[in-house]
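Spelled out, the chains give:
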Amino acid sequence: MTSMRAAVERDRPIGVFDSGFGGLTVVNALRQRVPNESVLYFGDTARVPYGSKSPANVRRFSREAAQFLLSRDAKLIVVACNTATAHAAAELAAELTVPVVGVIEPGATAAVAATRSGRIGVLGTAGTIGSGAYDLAVRRRLGEPGRVYAQPCPLFVPLVEEGWTDHAVTMRVAEEYLRPLKEVDVDVIILGCTHYPLLSPLLQEVMGPDVTLVDSAEETARAVEGILSELGLERSADTPPSFTFFVSDSPHRFREVGRRFVGDLIGAVSHVDIDGFGQHMQRLASP
Ligand code: DGL
């Protein structure tokens, strides 16, 4: 009986949420690293982008997304969005009864392991960079005399969603954003946004082969693997894992753009009304 319950616990999906499509890069990384796990994904496409929103709003959106994933039995929650991690992951980890994994701490660990010079660049949305969360996470690990150079890159998200990952305009924008990091001679750059791994070849070309690009998605998947194994939560079923997608705006557009991120993995996509999600449940639960 107890072991049957343990199997049911372990066989619940990993919940992943993001402001939209970008978290699919984390789903891809999870498929590589923990291929037997089922994934339940929520993309807040009605309220994207998070990168330019206030911390208070991003925290509210994140709490609603997490409540939704929990209502569908997620065993662990991955905050795939860097901006949501920056503003809300610590709070969610303190509030929720399941493990919460953000993308910033794993990215910072990998960057510090990769640097030789101690000069690390971070790229992200205005919200992520403004929060100073990567700065703090890297500095905490790096110590003196390491240096972190943070660069907001707000134009990258729309360029990726347009499919311009290998385009002269994107190259020009990247040269402009990366110039300050080249000038200070960073040897590692953290791709601190869900969309940036799709720009890796172009960014590598701009920075040259001696600079290491750290993909937070890969490092996050590695952290998830560690937590599942530590807590005995690895899926035990030998049937193929399921991938289920929910969005707060049009499922049709998500399917279209999502293919750029994960190919044919996206099958059925359902709509969920996320505004105020969870408040309703709390009201019902209170006397
Ligand atoms: N998912 C966001 C991030 O990783 C990028 C898109 C947005 O601004 O919402 O920061």
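As the structure is a computational prediction, the values presented were derived from the model and not from experiment.

The rules behind each value
- Residues numbered from 1 in each chain as written.
- Predicted model: local features only at pLDDT ≥ 70, side-chain atom pairs only at ≥ 80, totals over all residues.
- Heavy atoms only, no water.
- Core = buried A, V, L, I, M, F, W, Y, C linked by side-chain atoms within 4.5 Å.
- Buried < 20%, exposed > 50% of the residue type's maximum accessible area, 1.4 Å probe, protein only.
- Helix = DSSP H or I, 4+ residues; strand = E, 2+ residues; numbered from the N terminus.
- Contact = heavy atoms within 4.5 Å.
- Phe/Tyr/Trp six-rings, centres within 6.5 Å; stacked < 30°, edge-to-face > 60°.
- Lys NZ or Arg CZ within 6 Å of the ring centre and 35° of its normal.
- Near = heavy atom within 4 Å.
- Polar contact = N/O pair within 3.5 Å; in protein donor to acceptor, adjacent residues only side chain to side chain.
- Areas by Shrake-Rupley, 256 points an atom, 1.4 Å probe, with all protein chains shown as cover.
- Nonpolar A, V, L, I, M, F, W, Y, C, P; charged D, E, K, R; others polar.
- Pairing = 2+ DSSP bridges.
- Right-handed = clockwise from strand over helix to strand, strands pointing away.
- Salt bridge = Lys/Arg side-chain N within 4 Å of Asp/Glu carboxyl O.
- Axes fitted to C-alpha atoms, helices over the stretch in contact; angles between N-to-C directions.

Some words on the nonpolar core
Core analysis: the biggest nonpolar cluster contains 55 residues, and Leu123, Phe156, Ile189 and Leu203 have the highest contact counts within it. It is helix H9 (residues 168–183) that contributes the most residues to this core, six residues altogether. Discounting residues that sit within four places of it in the chain, Ile189 has contacts with Gly121, Leu123, Leu178, Leu181, Met207, Val211, Thr212, Leu213 and Val214. Of all hydrophobic cores here, the second largest spans 23 residues; its members include Tyr50, Phe61, Ala66 and Val100.

A short note on the packing of aromatic side chains
Centre distance and the angle of the planes are the two values used to describe a pair of aromatic rings. Counting across every chain of the model gives ten aromatic pairs. When the ring of Phe21 is compared with that of Phe254, the centres are 5.4 Å apart and the planes differ by 15°; the resulting orientation is stacked. With a gap of 233 residues between them, Phe21 in the loop between strand S1 (14–18) and helix H2 (24–33) and Phe254 in helix H12 (residues 251–262) connect regions that are remote in the sequence. With relative accessibility at 4%, the residue Phe21 sits in the buried group. By relative accessible area, Phe254 is classed as buried at 0%. With a centroid separation of 5.3 Å and an interplanar angle of 85°, the aromatic rings of Phe156 and Tyr196 are classed as edge-to-face. With a gap of 40 residues between them, Phe156 in helix H8 (residues 156–161) and Tyr196 in the loop between strand S7 (188–192) and helix H10 (200–207) connect regions that are remote in the sequence. Aromatic rings pair up to connect Phe21, Tyr41, Phe245 and Phe254 into one cluster. One residue, Arg31, lies across the ring of Phe243, its end atom 6.0 Å from the ring centre.

A short note on the site of the ligand
Neighbouring residues of the ligand: 14 residues in total, closest Asp18, Ser19, Tyr50, Gly51 and Thr83. Thr83 places a side-chain nitrogen or oxygen 2.6 Å from an oxygen atom of the ligand. Calculation on the ligand without its partners gives an accessible area of 290 Å², and the protein chains cover 99% of this total. Looking at the shell around the ligand, its residues break down into six nonpolar, seven polar and one charged.

Topic: the pairing of strand S8 (residues 212–215)
Bridge analysis of S7 against S8 gives four bridges, and the strand direction is parallel. What sits directly across from Ile189, in S8, is Leu213. Traced from S7 through H10 to S8, the parallel crossover comes out right-handed.

Regarding the pattern of salt bridges
The final tally for this structure, using the stated rule, is 18 salt bridges. Taking the shortest distance from any N to any O, the salt bridge between Glu9 and Arg12 comes out at 3.1 Å. Given a relative accessible area of 37%, Glu9 falls into the partly exposed group. The class for Arg12 is buried, based on a relative accessible area of 17%. Residue Glu225 pairs with Arg33 through a salt bridge whose shortest N-O separation is 3.1 Å. With Glu225 in helix H11 (residues 216–230) and Arg33 in helix H2, this residue pair connects regions lying 192 residues apart in the sequence.

A short note on the environment of Pro240
With respect to the helices and strands, the residue Pro240 is situated in the loop between H11 and strand S9 (243–247). With relative accessibility at 70%, the residue Pro240 sits in the exposed group. When the C-alpha positions of Pro240 and Glu37 are compared, they lie 8.6 Å apart, and in sequence the two are 203 residues distant.

Considering the sheet that holds S1
Spatial ordering of the open sheet is given by S4-S3-S1-S2-S9-S10, a layout of six strands whose pairing is parallel. On the outer flanks of this sheet lie strand S4 (100–102) and strand S10 (269–271), each paired with one strand and no other. The mean angle between the axes of side-by-side strands here comes to 20°, regardless of whether they run parallel or antiparallel. Summarising the sheet, S9 and S10 pair through three bridges and their orientation is parallel. Its bridge partner lying in S10, Val247 is registered against His271. Each of S1, strand S2 (39–43), strand S3 (76–79) and S9 is contacted by helix H3 (residues 55–71), which is oriented at about 155° to S1, the strand it contacts most.

So far we have only geometry, and geometry alone does not tell us how the molecule works.
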